[in-house]
Amino acid sequence: MLANFRNFYLTKIKRTYLDICWYFFPIWRLRKSGAKIGQNVFIGSHVYVELENAHLLTIEDNVTIAAYSKIILHDSSLNNIDGDDILYGQVLIKKNAYI
């Protein structure tokens, strides 16, 4: 019982730590997750990026991603309709883009 309690709270602490890192250091967190990010990139608050597939993301120099944007690195639309495989693909945000 104590082990379950301990694991529950360690998981909560880890998740809180990752949330804080994402909120205050999103570029660091994306790079740590495998994304390639150029220079002079700004990521606003509450931006959602799939960290599990961050290695598929490349952001070039001088890019601004505004608050509440979402970068999705998969397509599950056909999976929802026909049960096909979920598709994953590279996402490239070119130089001087504003999202």
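Residues numbered from 1 in each chain as written. Predicted model: local features only at pLDDT ≥ 70, side-chain atom pairs only at ≥ 80, totals over all residues. Heavy atoms only, no water.

Caption draft 1: Representation of the overall build of the protein in the model. From N to C terminus, the protein includes 3 helices and 9 strands. By residue count, 28% of the 99 residues in the protein fall in the buried class. Pairs at least 24 residues apart make up 30% of the contacts formed inside the protein by residues separated by at least 6 positions. When the accessible area of the protein is evaluated, it comes to approximately 7,200 Å², of which 58% is carbon and sulfur surface. (Helix = DSSP H or I, 4+ residues; strand = E, 2+ residues; numbered from the N terminus. Buried < 20%, exposed > 50% of the residue type's maximum accessible area, 1.4 Å probe, protein only. Contact = heavy atoms within 4.5 Å. Areas by Shrake-Rupley, 256 points an atom, 1.4 Å probe, with all protein chains shown as cover.)

Caption draft 2: Up close: the nonpolar core. L30, L57, I59, I65, I71 and I93 are the most contacted members of the largest nonpolar core, which has 16 residues in total. Those residues within four positions of I93 in sequence are excluded, and the remaining contacts are L57, T58, I59, E60, V63, I65, I71 and I99. (Core = buried A, V, L, I, M, F, W, Y, C linked by side-chain atoms within 4.5 Å.)

Caption draft 3: Spatial organisation of the side chain of S33. Within the element layout of this structure, S33 appears in the loop between α2 (26–32) and β1 (36–37). Residues within four places of S33 in sequence aside, it is in contact with L51, A54 and H55.

Caption draft 4: Layout of the side chain of N53. Relative to the elements of secondary structure, N53 occurs in the loop between β3 (48–49) and β4 (57–59). Look past the residues within four positions of N53 in its chain and what remains in contact with it is L73 and Y88.

Caption draft 5: Representation of a nonpolar patch on the surface within the structure. Residues F8, Y9, L10 and I13 make up a contiguous nonpolar surface patch of about 410 Å² in total accessible area. Along the chain, L10 turns up in helix α1 (residues 2–24). On the basis of relative accessibility, which here comes to 43%, the residue L10 falls in the partly exposed class. (Patch = residues over 30% accessible without salt bridge, like charges linked within 9 Å, V, L, I, M, F, W, Y side chains within 5 Å. Salt bridge = Lys/Arg side-chain N within 4 Å of Asp/Glu carboxyl O.)

Caption draft 6: Spotlight on unusual backbone geometry. Look at N62: it is not a glycine, yet its phi comes out positive at around 60°. Relative to the helices and strands, N62 is located in the loop between β4 and β5 (64–65). Even without glycine at this site, N96 takes up a positive phi of about 65°. Note on placement: N96 falls in the segment after β9 (91–93).

Caption draft 7: Layout of the sheet that holds β4. The parallel open sheet is built from 3 strands, whose spatial order is β1-β4-β9. Looking at which strands have only one partner, the edges of the open sheet turn out to be β1 and β9. Pairing of β4 with β9 involves 3 bridges; the strand directions are parallel. Directly across from I59, in β9, lies its bridge partner I93. (Pairing = 2+ DSSP bridges.)

Caption draft 8: Structural context of the environment of N62. According to the relative accessible area criterion, N62 is partly exposed, its value standing at 36%. In sequence terms N62 and N96 are 34 residues apart; their C-alpha atoms lie 4.8 Å from each other. Once residues within four sequence positions are removed from consideration, N62 is found in contact with Q39, N40, N96 and A97. A distance of 2.8 Å separates a polar atom in the side chain of N62 from a polar atom in the side chain of N40. (Polar contact = N/O pair within 3.5 Å; in protein donor to acceptor, adjacent residues only side chain to side chain.)

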